[in-house]
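Residue-level structural notes
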Amino acid sequence: MSSKGGGSTALTLRNYRLASDTDKPKVTGLVNEKLLSDYLHHVFPASHLPRPPLASLSLRKPLGFQDLGAHLERLLTEGEPTEDTRDQPVDGCLGPLTVVLDHTSGFEGLLFVDDDLLGVIGHSNFSSIRATTCVYRGKWAYEVLISSQGLMQIGWCTLNCRFNQEEGVGDTPDSYAYDGNRVRKWNVTTTNYGKSWAAGDIVSCLIDLDEGTITFCLNGQSLGTAFSNIKMGPGVAYFPAISLSFKESVAFNFGSRPLRYPVEGYLPLQNPPTADLLRAHKLLGYIKTVLSTTLDTQEEKVLEKDSACWSLHGEPTTLVTLAHIFNYFAPLMCKVYLVEDVLMNFLLGILEGGGSVDEHPLIQQLLDLFWLLMEDYEVNECLKQLMMSLLRAYRFSPIIPDLGFQIHYLRLTTAILRHEKSRKYLLSNVLYPFIVVFFYIKTPLRVKEAGLEELIPTTWWPTRFDKEGKESKDESAEERLRRRAYERGCQRLKKRIEVVEELQVQILKLMLNNKDKGTGEASRYIFLNKFRKFLQENASNRGHPTALCPPEYMVCFLHRLITAVRSYWDEGKMRNPGCVSSDEAYVPPQLFYNGKVDYFDLQRLGGLLSHLKKTLKDDLASKANILMDPAEIQATSMDDLDEEEESGSAQRPFGAVAMGGALARPSWLSSPTLGRANRFLSTAAVSLMTPRRPLAPPEKVKVRTLAVEQRTEEDIEGSHGNDGLLLGRPLEEPDHPITEKSLLEILDGIVMMYNLSVHQQLGKMVVVSDDVHEYAVALKDTEEKITCYLCYTLSCPCKYPPDTLTQLAAILAKHFADPRIVGTDIKDSLMQALASYVCYPQSLRAVERIPEEQRVSMMRNLLAPYEQRPWAQTNWILVRLWRGCGFGYRYTRLPHLLKTKPEDTNLPSLQKPCPSLLLQRHMAELLSLDKDMAASFLNSVLNQLNWAFSEFIGMIQEIQQAAERPERNFVDTRQLKVCATCFDLSVSLLRVLEMTVTLVPQIFLDWTRPSAELLLRRLAQLLNQVLNRVTAERNLFDRVVNLRLPGLESVDHYPILVAVTGILVRILVDCERQGVSRAASVLLSDPCFQLHSIQHLLGEGETSPAAAVLPQTPAVHPGDPAAAPAERKHFSLHACEYISLEEEQKVEQMLAFLTIESKQAAASTAPTSEEDLCPICYAHSISAVFKPCSHKSCKACINQHLMNNKDCFFCKATITGVEDYSKKPTAS
């Protein structure tokens, strides 16, 4: 259209292809004047008269196109107010006519406000914001669309309310709020109110300033009057307001769009566009009449017909008539209120009859009409507002049993996207990133309202398992009935969800269409570029949760996208049988290095892409026929990476990317499958590791990175010998088609999307599944015990077949310590994955099933020195392999926790012991044969134990000092957590030492081995320090333990003393005589040795010989005089249920032996002069002299020093040798 309004109409110069019935003569012009007048009177009847019957149309005054503009203008102005009500202030309301959030002065804290000033995201502790308009009289309403279900307080406040980071709406006298997260109402004080809300709900906030009440509604259902007798009168006006915590988000509707749940008698704060609304409904009525009317030019009659059969290619008279209507209708369709209230409801009405979307071509014809008769900017804005309205409607529709609302909006979305020109515009300018919302199916928080109780009347969970962990078929008749009823209900729900999923897949298949090239670039390539940018935004904003697509949305998007890609992949396989089937899909390695696909500087296994291009350019040239652009290599910077080049890193660096995506988190190992879709993803990710047959080398090609915006269809699909995305095929890659190359990039994006977000959500789903399983099993176990059935259920069944577990175990064992992997996050993820494997019997057995060479290599990597690597996780893995074999190390929960708080479900619990004797044997063999590795490994363990225990002691000193101050002090929760972590590390390191002493005692006791004596002396020194700190009377450890601080539940005598006792028993009781003698000599010669510390283990302390009891005592306030020594209870191994009788006897034997040896040592020890003592430790006599500087110390000090440093203690000269030193006897 070239002009709008008025009486005359000028059509744009477009090709109107007008088709008529082939059996009738073609109509070349407009109809005769009489028929035209009858037709126009039928379409545009006088508004004060009813629409005349078709037979009486000839009695009207003649009407032609030259008079139609004035006639239509007159009809539209009838009934309109003299002045637009939008420009008049409404009584009882103050502020701008367009109501938005006050982002200039009406907020507190840090918030992100959307461009339309209606959406808000909290970005600080507790932020508050109010609207720009207030009300002081009358009844008013606004709606809040809940985007996240966290902590928020929504309601009303006055201008005098002052909020801060701790107090928000409802926390001050003149503010009132509803909190659906905690299900409470707030006005200084708080009481229970309403129902819990969920993401996707709509809260209506109503205020009646005539009666003085405030009410809230949830999804249109009133929650009752929340507040009455609110403050009113002169100077009192209420603003809509909200306070929300970090990352929470909502969107307001003050009346800029139709209220979803209007309440009779209450007005929106923003006046609806009444005049425009009336005009739009009139014009829509005229359009409907045109669609349902036809002209019989032969009989010269106006006839009615089914509007569903209307086609744009018809009478020119119809087209000119519609052009007049669109003169007025098109500008109105740029306004969001009118699009949502008029146009969207009209289009939804077309689809109400049911059937497939293909059976309703009218929507396609209407969209053709829009693009024909509206200016481009008008149709663009109209489509944008229409799609955003559909998205809001879908997201915030209530859940009903048949998911009818969701299906309704998805059908219209599908119908719109079937229109090629509209689809391409929406893909290019509107849909991303919002399109992801269309693929999410909201989970109902309120089961009863969603109708799930009727759909699934009973619950069921497998609670019987055989010895292999598989579900047992042995069930009672009652259980069988419950299971079948539950399965039938689940099938009903599944069928309803499948309808929604099918529509979602149809939407994606429309966007993945690559045949619609008639109006420019195909939809698939537009989608591909937008999808890549979507991934980039989620990858670059991983540290900013407010900018990320929620993981639950990503999971649904991933599943639907895989289904759509599989469909196109299989269609391509049918057309070209030589292609790879979707079951064998994989990402070719070329995508990772030829520059055609942007990976936006994501960290790879071998480092950043710039690093790989620079260091591996020669390998790419020889193995992949790729010549890197010298200018691009020159531009790369290595400031952030300084690792050394590894010879092995050149081998298939490209294959590691997908593997990193597959193994990014431990949750990958236990994620629930998504049917064939998940197997498709797994195949695509892992197949890169499968070597392929070598072929003849192709010609070398020169590549340079292309930005997403620079790529063309030819760059992706290729043509005339150009391989497109597959440019630079390596020698080992087969030269046959895989599938359409654009699908390969989408598959690569799917793997990346899994790595970025999806695996986290699947991990959460697994946790929920495990929790429900644990609850169900415990409930069943309790029920059977009550009924005298003693049937103990074992751990949950394995979620993967044994072969899959073994394959994944082999990958982890091979790559968790791969030096080519330089990314810290990936390293940690692989280590965490391996740690999760050794927790459970099924996965641990899978590790034992991998080839022996790989097992030995894995253990060798675990036994590498702890310095400069994630040693805590490594140590934890070794502890898991030992747990169940150590001294008193058979518990599933720390024994003292069972006594103190057995009802506390939040206390840390442990998995049942599942030691690996096979891996222990490998460890023993490695430490026995490789003496240097054994010495360096144990030296690092002892170093870390010294550090961890020293840090722990320092922290409990600070905690005790804070507790003893007279003023009220609060210990930082983080400090308590770090303190408990240091304690747990100390215990785990002691357990690793116990395992080493048990498996390979000769490391410490065979003094022909290098460093054996030194290691034994260091071990004795640390054990004595731990015993003295923990067992001394009225010591710091006792006082802090008795405080029973939250966060320090794991800190107690039992775990650390039992670990120390295990080591002492191994070297003083279980070894051969010569080793026991050496161990006892070293232990007793240590200046820190105190016999009463050993006696304390059996409750035989020097000052408290009373019978031993459990160590748990009531919390005593520090400084309380009631805490007398006589009332203090002592630790004793006799009272610990996890200590066997044999173990108790060994401890008693050890104590008796040490008592005798200590007396003998005391009697035979000659006094030493001070000048003969080691100047470093002052504990032993000088026994070594350094060469060449001739300084002296004891052997223990110099040997320990030389393990980490070669410089002299005193002069810093390099020590070349150490010789024995013996003092010459002095002349008498």
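The text that follows walks through the structure, step by step, so that each part is easy to find. (Residues numbered from 1 in each chain as written. Predicted model: local features only at pLDDT ≥ 70, side-chain atom pairs only at ≥ 80, totals over all residues. Heavy atoms only, no water.)

Concerning the overall build of the protein chain
- Helix and strand content of the protein chain: 37 helices and 24 strands.
- Within the span of the protein chain, comprising 1228 residues, buried residues form 51% of the whole.
- Once local pairs closer than 6 in sequence are excluded, the contacts in the protein chain between residues at least 24 apart make up 74%.
- If you sum the accessible surface of the protein chain, you get close to 56,600 Å²; carbon and sulfur atoms cover 52% of it. (Helix = DSSP H or I, 4+ residues; strand = E, 2+ residues; numbered from the N terminus. Buried < 20%, exposed > 50% of the residue type's maximum accessible area, 1.4 Å probe, protein only. Contact = heavy atoms within 4.5 Å. Areas by Shrake-Rupley, 256 points an atom, 1.4 Å probe, with all protein chains shown as cover.)

A word on unusual backbone geometry
- Cis geometry marks the peptide bond from Tyr-432 to Pro-433, where omega comes out at 5°.
- Checked against the element boundaries, Pro-433 lands in the loop between helix H9 (420-429) and helix H10 (452-455).
- With an omega of 10°, the peptide bond running from Lys-1187 to Pro-1188 counts as cis.
- Secondary-structure assignment places Pro-1188 in the loop between strand S22 (1184-1187) and strand S23 (1192-1193).
- The phi dihedral of Leu-117 is positive, around 60°, even though this residue is not glycine.
- For Leu-117, the location among the structural elements is in the loop between strand S3 (111-113) and strand S4 (119-122).

Digging into the packing of aromatic side chains
- Across all of its chains, the model carries 28 aromatic pairs by this definition.
- Here the aromatic rings of Phe-326 and Phe-329 are separated by 5.5 Å at their centres, their planes lie at 80°, and the arrangement is edge-to-face. In this pair, Phe-326 and Phe-329 are both assigned in helix H4 (residues 316-332), three residues apart and thus about one turn of the helix distant. Neither residue differs from the other here; Phe-326 and Phe-329 are each classed as buried.
- Both rings, one in Phe-534 and one in Phe-557, keep their centres 6.1 Å apart while their planes meet at 80°; by these two values the pair is edge-to-face. Taken as a pair, Phe-534 in helix H12 (residues 523-540) and Phe-557 in helix H13 (residues 551-575) lie far apart in primary sequence, 23 residues in all.
- The exposure class assigned to Phe-557 is buried, which follows from its relative accessible area of 0%.
- One aromatic cluster is present, built from ring pairs that chain together Tyr-432, Phe-439, Phe-527, Phe-531, Phe-534 and Phe-557.
- For Arg-524, the ring lying beneath its charged end belongs to Tyr-568, and the centroid distance is 4.9 Å.
- The aromatic ring of Tyr-889 is capped on one face by Arg-991, whose charged end is 4.0 Å from the ring centroid. (Phe/Tyr/Trp six-rings, centres within 6.5 Å; stacked < 30°, edge-to-face > 60°. Lys NZ or Arg CZ within 6 Å of the ring centre and 35° of its normal.)

A word on the sheet that holds strand S24 (residues 1217-1220)
- The three strands lie next to each other as S23-S22-S24, forming an open sheet whose pairing is antiparallel. The two strands at the open ends of the sheet, each matched to only one other strand, are S23 and S24. (Pairing = 2+ DSSP bridges.)

Let's talk about helix H5 (residues 336-351)
- Spanning 16 residues, H5 covers 21 Å between terminal C-alpha atoms, matching the ideal 22 Å at 1.5 Å per step.
- At Met-344, H5 shows its maximal bend, which comes to roughly 30°.
- Most of H5 is tucked away, with twelve of its 16 residues classed as buried.
- When we look at burial in H5, the residues that qualify are Tyr-337, Leu-338, Val-339, Glu-340, Val-342, Leu-343, Met-344, Phe-346, Leu-347, Leu-348, Ile-350 and Leu-351.
- Taken together, the buried residues of H5 touch helix H3 (274-291), H4, helix H6 (362-373), helix H7 (376-395) and helix H8 (404-417). (Expected span 1.5 Å × (residues − 1). Bend = angle between axes of the 7 residues up to and from the residue.)

Quick look at helix H31 (residues 1012-1031)
- The terminal C-alpha atoms of H31 lie 28 Å apart, and with 20 residues this matches the ideal 28 Å at 1.5 Å per residue to within 8%.
- Extensive coverage of H31 is indicated by the burial of 15 of its 20 residues.

Things to note about the sheet that holds strand S11 (residues 189-192)
- What the seven strands build is an open sheet, ordered S2-S5-S15-S8-S9-S10-S11; its pairing is antiparallel. On the outer flanks of this sheet lie strand S2 (107-108) and S11, each paired with one strand and no other.
- The pairing of S2 with strand S5 (residues 126-130) spans two bridges and is classified as antiparallel. Bridge pairing in S5 links Phe-107 to Ile-129.

What about the nonpolar core?
- Counting 144 residues, the largest nonpolar core has Phe-527, Phe-531, Phe-534, Phe-557, Leu-561, Ile-746 and Met-753 as the members making the most contacts within it.
- Contacts of Ile-746, omitting those with residues within four sequence positions, involve Leu-512, Arg-524, Phe-527, Leu-528, Phe-531, Leu-561 and Val-565.
- In terms of nonpolar packing, the next biggest core, distinct from the first, is built from 122 residues, Ile-826, Ile-956, Ile-1067 and Cys-1136 among them. (Core = buried A, V, L, I, M, F, W, Y, C linked by side-chain atoms within 4.5 Å.)

Overview of the pattern of salt bridges
- For the structure on display, the rule yields 24 salt bridges.
- A salt bridge links Arg-575 to Glu-740; its shortest N-O distance comes to 3.9 Å. Taken together, the residues span a long stretch of sequence, with Arg-575 in helix H13 and Glu-740 in the loop between helix H19 (713-717) and helix H20 (741-786) at a distance of 165 residues.
- Its relative accessible area of 16% is what places Glu-740 among the buried residues.
- Lys-1146 is the partner of Asp-1070 in a salt bridge, and the nearest nitrogen-oxygen pair spans 3.2 Å. Residue Asp-1070 is located in helix H33 (residues 1053-1070), and its partner Lys-1146 is located in helix H36 (residues 1141-1164); the two are separated by 76 residues in the primary sequence. (Salt bridge = Lys/Arg side-chain N within 4 Å of Asp/Glu carboxyl O.)

A few points about the pairing of S11
- Across four bridges, the pairing between strand S10 (residues 184-187) and S11 is antiparallel. Note that in S11 the partner of Trp-186 across the bridge is Thr-190.
- Counting the residues that bridge the hairpin from S10 to S11 gives one residue, and of these Val-188 lies at a positive phi of roughly 70°.

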